[in-house]
Amino acid sequence: MANELQSLDQLFQNKLFRIPDYQRGYAWQRSQLVDFWEDLLNLQEEHYHYTGMLSLKTLKRNAIENWGTDLWMLDKGFKPCHIVDGQQRITTFVILLNEIICFVRSIDENTNKSDDEIVIGYSTLKEVIAKYIFQIRPPQNLIKTFLFGYEADNPSSEYLKYKIFKESFSGTVNETYYTKNLKFVKEFFRENLNALYQSDGFDAINFLFLKLTQ
């Protein structure tokens, strides 16, 4: 991959990200999340914040046959990548993005609006979801592929989809030390987004989204 500074917006151009099974799970604690959140809040307009190295390994199709129904995205032009280094940061980014989406849906002014009617950062929620969270295979729309996740044999894979992204599921999802950390980061961002909205309104949430992705 290119050795250059990239925003999240650039990073998520036609890529599928998976954390390989040899990587440990999500390990960030409250102190790292507080630092991350405060760095983001304190980032001024037209300034940049360097978050560190992200190492990706582009995979060949014959190496990912176990990705199953997600392989249609390769035919669409997406590149499959293993996250070799930097999974803590990119996991945090994606969970915060997802919580922003959920929070913006929930505010009173967006009641009864669809995702293609709600706008944040000059994009509709439908566009934001398709770029950062998941895409659905047309024309039957029966297959949903998440753009970021764990390989299927990792216990965190189902937890991320069903407990963090809230995909519908009627079974039992196993919890581990790492999935408890995923649960905590979701709750941490939900609480802080609500506090930010209560103090500074939607404009602050919108600016936060732009800083996170740009």
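Above this text you will find the structure in question.
Just so we're clear, the structure is a prediction, and the values are computed from it rather than from any experiment.

Things to note about helix 5 (residues 125-132)
- Turning to helix 5, its buried residues are Leu125, Val128, Ile129 and Tyr132. Considered in projection along helix 5, the buried side chains sweep an arc of 100 degrees and stay on one side of the axis.
- Packing partners of the buried residues in helix 5 comprise helix 1 (8-11), helix 4 (87-106), strand 4 (119-120), strand 5 (123-124), strand 6 (134-136) and helix 8 (202-213).

Observations regarding the sheet that holds strand 3 (residues 79-85)
- Judged by pairing direction, the sheet is mixed, and its four strands sit side by side in the order 2-3-1-8 without closing on themselves. For this open sheet the edge positions go to strand 2 (55-58) and strand 8 (148-150), each flanked by a neighbour on one side alone. Each strand of the sheet is rotated relative to its neighbour by a mean of 35 degrees, with strand direction disregarded.
- Sheet analysis places strand 1 (residues 15-19) next to strand 8, joined by three bridges and oriented parallel. By the bridge assignment, arginine 18 is partnered in strand 8 with glycine 149.
- In this fold helix 4 packs onto strand 1, strand 3 and strand 8, with an angle of close to 125 degrees to the strand it touches most, strand 8.

Points about a nonpolar patch on the surface
- Judged by side-chain polarity, Leu5, Tyr50 and Met53 come together as a nonpolar surface patch covering roughly 410 Å² of accessible area.
- Tracing the backbone through its elements, the reader meets methionine 53 in the loop between helix 2 (30-42) and strand 2.

Side note on the packing of helix 2 against helix 7 (residues 177-200)
- It is at 11 Å that the axes of helix 2 and helix 7 come closest, and there the two elements cross at 35 degrees. For the pair helix 2 and helix 7, the sense of crossing is right-handed. Contacts from Arg30, Leu33, Val34, Phe36, Trp37 and Leu41 in helix 2 reach Phe184, Val185, Phe188, Phe189, Asn192, Leu193 and Leu196 in helix 7.
- Of the residues assigned to the contact of helix 2 with helix 7, the class counts are eleven nonpolar, one polar and one charged.

With respect to unusual backbone geometry
- Cis geometry marks the peptide bond from proline 138 to proline 139, where omega comes out at 0 degrees.
- Its place among the elements puts proline 139 in the loop between strand 6 and strand 7 (144-146).
- Despite not being glycine, asparagine 141 has its phi angle at roughly 60 degrees, a positive value.
- Position of asparagine 141 among the secondary structure elements: in the loop between strand 6 and strand 7.
- Residue classification places asparagine 141 among the partly exposed positions, given a relative accessible area of 47%.
- At lysine 166, a position not held by glycine, the phi torsion is positive, near 65 degrees.
- Tracing the chain through its elements places lysine 166 in the loop between helix 6 (155-164) and helix 7.

Cut-offs used in this document
Residues numbered from 1 in each chain as written. Predicted model: local features only at pLDDT ≥ 70, side-chain atom pairs only at ≥ 80, totals over all residues. Heavy atoms only, no water. Buried < 20%, exposed > 50% of the residue type's maximum accessible area, 1.4 Å probe, protein only. Helix = DSSP H or I, 4+ residues; strand = E, 2+ residues; numbered from the N terminus. Arc of directions from axis to C-beta. Contact = heavy atoms within 4.5 Å. Pairing = 2+ DSSP bridges. Axes fitted to C-alpha atoms, helices over the stretch in contact; angles between N-to-C directions. Patch = residues over 30% accessible without salt bridge, like charges linked within 9 Å, V, L, I, M, F, W, Y side chains within 5 Å. Areas by Shrake-Rupley, 256 points an atom, 1.4 Å probe, with all protein chains shown as cover. Salt bridge = Lys/Arg side-chain N within 4 Å of Asp/Glu carboxyl O. Left-handed = near helix turned anticlockwise from the far one by under 90°. Nonpolar A, V, L, I, M, F, W, Y, C, P; charged D, E, K, R; others polar.

Note that every value here comes from positions in space, so none of it alone points to a role or purpose.
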